[in-house]
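# Summary of structural features
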Amino acid sequence: MSTTAATIRIANDSPFCESRRAMKKLEDDLTSPTAMHATMSEIEQLMRTQSREMLRAMMQAHVDARAAAEVPVEVRGEDGVVRPLGRRGTRTVMTEFGEVEVARNLYQAPGVTARAPLDAALALPTEKYTHEVRRIVAAGSARASFDEVVELLQQQSGAEVPKRQVEELAVRAARDFDAFYQDRLLEPEVTGDLLVMSFDGKGIAMRFDDLREATRKAAAATPRRLQTRLASGEKPNRKRMAEVATVYTVAPWTRDIGDVLHGVVGKRANADRPRPTNKRVWASVAHTPQRVIDDAFAEATRRDPEHRRRWLVLADGQRDQLRRIQRAALAAGASITIVLDIVHVLEYLWRAAYAFHAAGTPEAEAWVEDRLLALLRGRSGGEVAKSMRLMAKTRGLDAVAAKPVVRAATYLAANTRWLHYDRALAAGLPIATGVIEGACRYLVQDRMGRTGARWSLEGAEAVLRLRALRTSGDFDDYWQFHLAKEHERTHQAQYADGVVPAVVPPRRPHLTLVK
């Protein structure tokens, strides 16, 4: 046999011969007359398309090499039953580069399910799609709609995943969210800075079956004018509230009344305002609001286990939420300072101002500023509320015209104990919930509030979790945790003592001559 013939035979015996042919074809196409007159964009498109097939062929060759190296082992399942080597089986796997076929030994025994140790060595999920495809889906679902994720996969990879499977993969990808934050080890923060928590609720339009029971009953009792969509004014009883939470650290920052009155927009604010650090934000539409708030206090306790720092809670005055906060603080054994969000106060004051002055006028602005100044100087909410009611009576407002004034007065009076802004400013405490407002907008509204969207409970919860991981900067750490948990569930749990037999022997180390 000639040297050339031997070389061809050896090359054809290699599992990588197909990928080498794809590489040679790409080389030939890149040096063809057509390519030599193509634009750079056309060359990029050519390389992108052909390189995917080349990489898929290389992946297939690698899997074939692993399969060829598989040796028989003794397999004992978690049920204690020994499974003799039965037959050779094949499964299709969708990788980032396209579909490949995985051949492996199946170990079987009567009356029990088969085991395939090579699946564990490759860390294959139970379904068709690899963990890397699932990671791409998870990262994409945190940013874009499921339809857009399907399109992204088609444009930037060789994987084909239908929309229904994209949603299912996102749900599976987010399943270890709670365990990740409960199990992770946090070093207590060595700082005297404030430990701040804040909470809010944001509605998500849900499919009828996934509404909370009371909302579902109310929705069923509400007649609809159209069958295929909600008509104008038919928003109530179509949403399920997601509880949004944030925990972060921020340095105290003393200000004066002038800073607050002028919106803190000057040069001093931009230069000196401390920025939140170690910020974690998340939301849940599946858990109860109390569960979310309890989880936030657990997170705060991990950061400050001995409660040496000042714990501050910024709230919007919602009564049930305040009760949940106080209940969680009592359970955690924590002393907290509650401050009523000044932005919510201003919203009530502005609506009340328009009962006395025309909207958008300097008189309305001056009216709001006078009441805000009184609160900032330490005047109680009850006193300000009393003066507002008296003003409405003096001006002779009827019940309809006085309604926003009464609402604002009731709000201030009910929350007067949380309105000590003079003390908060002197102590350097934040008095506005900008962080939680931003979290509501990003976590919920920007992704979940798209026109016409109706969410399943599982899909909404998964997307909220994935967006929270991305926003908090924890996605990469979470993914490693998730992969470990998946391996435990899918593979280790199927074998005696959680030990998967090694079906590809370890490679013998090369001997090194020592002179």
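Residues numbered from 1 in each chain as written. Predicted model: local features only at pLDDT ≥ 70, side-chain atom pairs only at ≥ 80, totals over all residues. Heavy atoms only, no water.

### Points about the overall build of the protein
The helix and strand inventory of the protein stands at 22 helices and nine strands. Counting across all 515 residues of the protein, residues that qualify as buried make up 43%. Partitioning the intrachain contacts of the protein with sequence separation of at least 6 by distance along the chain shows that 74% fall at a separation of at least 24. With the model as given, the accessible surface of the protein reaches about 27,500 Å², and the carbon-plus-sulfur share is 53%. (Helix = DSSP H or I, 4+ residues; strand = E, 2+ residues; numbered from the N terminus. Buried < 20%, exposed > 50% of the residue type's maximum accessible area, 1.4 Å probe, protein only. Contact = heavy atoms within 4.5 Å. Areas by Shrake-Rupley, 256 points an atom, 1.4 Å probe, with all protein chains shown as cover.)

### Some details on the sheet that holds strand S9 (residues 336-340)
Strand order in this open sheet of five strands is S7-S6-S5-S8-S9, and the pairing throughout is mixed. Edge positions in the sheet fall to strand S7 (277-284) and S9, since each has one partner strand and no second. Taking each pair of neighbouring strands and ignoring which way they run, the sheet shows an average axis angle of 20 degrees. Of the pairings in the sheet, the one linking strand S5 (residues 194-205) to strand S8 (residues 311-315) comprises four bridges and is parallel in character. Note that in S8 the partner of Met-197 across the bridge is Val-313. Against the sheet, helix H21 (residues 457-471) contacts S5, strand S6 (239-250) and S7, and its axis sits at roughly 175 degrees relative to S7. (Pairing = 2+ DSSP bridges. Axes fitted to C-alpha atoms, helices over the stretch in contact; angles between N-to-C directions.)

### A few points about the packing of helix H2 (residues 17-30) against helix H4 (residues 40-68)
Describing two packed helices takes the angle between their axes plus the distance from one axis to the other. Following both chains from N to C, one finds H2 and H4 inclined at 170 degrees, their axes separated by 8 Å at the closest point. Accordingly, the angle class assigned to the pair H2 and H4 is roughly antiparallel. Considering how the two elements wind past one another, H2 and H4 form a crossing that is left-handed. Residue-level inspection shows Glu-18, Ser-19, Ala-22, Met-23, Lys-25, Leu-26, Asp-29 and Leu-30 of H2 in contact with H4, the latter providing Ile-43, Leu-46, Met-47, Gln-50, Glu-53, Met-54, Arg-56, Ala-57 and Met-58. Taken together, the residues of the contact of H2 with H4 break down into ten nonpolar, two polar and five charged. (Parallel < 35°, antiparallel > 145°, perpendicular 65-115°, else oblique. Left-handed = near helix turned anticlockwise from the far one by under 90°. Nonpolar A, V, L, I, M, F, W, Y, C, P; charged D, E, K, R; others polar.)

### Brief notes about the nonpolar core
Residues Phe-297, Leu-412 and Tyr-421 are the most contacted members of the largest nonpolar core, which totals 111 residues. Among residues more than four places away in sequence, those in contact with Leu-412 are Val-345, Leu-349, Leu-375, Gly-381, Gly-382, Val-384, Ala-385, Met-388 and Leu-419. Counting five residues, the second-largest nonpolar core is a separate cluster that includes Val-63, Val-100, Val-102 and Leu-124. (Core = buried A, V, L, I, M, F, W, Y, C linked by side-chain atoms within 4.5 Å.)

### Some details on helix H15 (residues 342-353)
Between the first and last C-alpha of H15 there are 16 Å, a value that for twelve residues agrees with the 16 Å anticipated at 1.5 Å per step. Its side-chain oxygen placed 3.1 Å from the backbone nitrogen of Val-343, Asp-341 serves as the N-cap of H15. (Expected span 1.5 Å × (residues − 1). Polar contact = N/O pair within 3.5 Å; in protein donor to acceptor, adjacent residues only side chain to side chain.)

### Focus: the pairing of S9
Relative to S9, S8 is paired through five bridges, and the arrangement is parallel. By the bridge assignment, Leu-312 is partnered in S9 with Thr-337. With respect to chirality, the unit in which S8 leads through helix H14 (residues 319-332) into the neighbouring parallel S9 is right-handed. (Right-handed = clockwise from strand over helix to strand, strands pointing away.)

### Observations concerning empty space enclosed by the protein
Scanning the model with the defined rule gives one cavity of 30 Å³ or more in all. Contributing to the lining of the largest cavity are Ala-123, Leu-124, Pro-125, His-131, Glu-486, His-487, Thr-490 and His-491. It is helix H22 (residues 475-490) that provides the largest number of residues to the lining of the largest cavity, a total of three residues. Within the lining of the largest cavity, the residues separate by chemical class into three nonpolar, four polar and one charged. (1 Å grid on protein atoms, 1.4 Å probe; cavity = no way out; pocket = protein on both sides within 12 Å on 5 of 7 lines; lining within 4 Å. Points joined across faces, edges and corners; volume = space filled by probe spheres on them.)

### What to know about the confidence of the model for the protein
Summary statistics for the protein give a mean pLDDT of 88 and a share of 89% for residues scoring 70 or more. Confidence drops under a pLDDT of 50 for residues 1-11, and excluding neighbours within four residues, the segment shows four contacts in the predicted structure. Low confidence marks residues 264-268, where pLDDT is under 50. Its contacts with residues over four positions away, or in another chain, come to ten contacts. (pLDDT = per-residue confidence, 0-100.)

### Here we look at the pattern of salt bridges
The full count for this structure, using the stated rule, is 33 salt bridges. Taking the shortest distance from any N to any O, the salt bridge between Arg-83 and Asp-79 comes out at 3.0 Å. Note on Asp-79: relative accessible area 38%, which makes it partly exposed. The closest approach of N and O atoms between Arg-323 and Asp-320, which form a salt bridge, is 2.3 Å. Here Arg-323 and its partner Asp-320 are both found in helix H14, three residues apart, which amounts to about one turn of the helix. For Arg-323, a relative accessible area of 42% translates into the label partly exposed. Among the charged side chains, a network of salt bridges with common partners joins Arg-184, Glu-189, Arg-280, Glu-299, Arg-302, Arg-303, Arg-309 and Asp-474. (Salt bridge = Lys/Arg side-chain N within 4 Å of Asp/Glu carboxyl O.)

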